Amino acid sequence: SQQGEEDPQALSIQEGENATMNCSYKTSINNLQWYRQNSGRGLVHLILIRSNEREKHSGRLRVTLDTSKKSSSLLITASRAADTASYFCATGGTSYGKLTFGQGTILTVHP
Amino acid sequence: GAVVSQHPSWVICKSGTSVKIECRSLDFQATTMFWYRQFPKQSLMLMATSNEGSKATYEQGVEKDKFLINHASLTLSTLTVTSAHPEDSSFYICSANPGTRSTDTQYFGPGTRLTVL
């Protein structure tokens, strides 16, 4: 079953603006990961944050994790048209490798 | 990074036929692979965990006799959709993990789009 919920479902911004996507989950997790999917393609791993971490950076990406609120956010700074894609959060529990995906946020960056 | 391939990338078949989808880890060995399906504009739903040398573990609600999984080697898992029907039309994606810890990154294949007429 899907345990992650993401908001917004769709986000439309201009190039250069920042994009923030949120993810909430229901059960205890081992880690939380963010993935990107271009239309009709496979998933690309963006960043993984462990349950004992609170913030992580990778290039223009910043991820936060609040286990007390069971929520995470993904911030993309200085967005580009090429960032247009669907973004999914996925939680990993104690079962090796199994991921539970959120509903995703469709991000559109207008040039 | 680790590469996972899928074949075919798309397939169209007639209702009632069976379709086999391959998932390969190209530069690492994976004792465990995962199969997901994704309907248009929806998220990924885990179907089953493919275990090398043993039976697959299916998620609740997934028919094991309809979706046959074979993990014959450390680099290959196959998903066979048997007696396919139009409602089986979907995007099927596999993933594999080169590590042994649950915190390791999953690497996803490019997906296979199945259309059943």
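Here, every reference points to the structure presented above.
Residues numbered from 1 in each chain as written. Chains lettered and ligands numbered in written order. Predicted model: local features only at pLDDT ≥ 70, side-chain atom pairs only at ≥ 80, totals over all residues. Heavy atoms only, no water.

1. Details of the state of the cysteines
Residues and elements named next belong to chain A.
Thinking step 1. Summed over all chains, the structure comprises 2 disulfides over all chains.
Thinking step 2. Residue Cys23 pairs covalently with Cys89 via a disulfide, S to S 2.0 Å. Residues Cys23 and Cys89 are joined by a disulfide whose S-S torsion is about 65 degrees; by sign, that bridge is right-handed. In this pair, Cys23 sits in strand 3 (residues 19-24) while Cys89 sits in strand 9 (residues 85-92), placing the two residues 66 residues apart along the sequence. (Disulfide = S-S within 2.5 Å. Helix = DSSP H or I, 4+ residues; strand = E, 2+ residues; numbered from the N terminus.)

2. Here's the deal with the interface of chain B and chain A
Thinking step 1. Each partner contributes residues to the interface: chain B has 26 residues there, and chain A has 22 residues.
Thinking step 2. For the pair chain B and chain A, the summed buried surface comes to about 1,900 Å²; carbon and sulfur atoms form 54% of the total.
Thinking step 3. At the junction of chain B and chain A, the tally comes to 1 salt bridge.
Thinking step 4. For Lys98 of chain A, the salt bridge is made with Glu59 of chain B, and the minimal N-O distance between the two is 3.0 Å.
Thinking step 5. Residue assignment for the side of chain B that touches chain A shows that the elements contributing at least two residues are strand 4 (32-38), strand 5 (44-51) and strand 9 (90-96) of chain B.
Thinking step 6. Considering only residue class, the side of chain B that touches chain A consists of 9 nonpolar, 13 polar and 4 charged. (Contact = heavy atoms within 4.5 Å. Buried area = accessible area lost by both parts, 1.4 Å probe. Salt bridge = Lys/Arg side-chain N within 4 Å of Asp/Glu carboxyl O. Nonpolar A, V, L, I, M, F, W, Y, C, P; charged D, E, K, R; others polar.)

3. Thoughts on the sheet that holds strand 7 (residues 61-66) of chain A
Residues and elements named next belong to chain A.
Thinking step 1. Spatial ordering of the open sheet is given by 1-3-8-7-6, a layout of 5 strands whose pairing is antiparallel. Every other strand in the sheet has two partners, leaving strand 1 (5-7) and strand 6 (55-58) as the edge strands with one partner each. The sheet shows a mean angle of 15 degrees between the axes of neighbouring strands, direction not considered.
Thinking step 2. In the sheet, strand 6 pairs with strand 7 via 4 bridges, with the strands oriented antiparallel. Looking at the pairing, Glu55 lines up with Thr64 of strand 7. (Pairing = 2+ DSSP bridges. Axes fitted to C-alpha atoms, helices over the stretch in contact; angles between N-to-C directions.)

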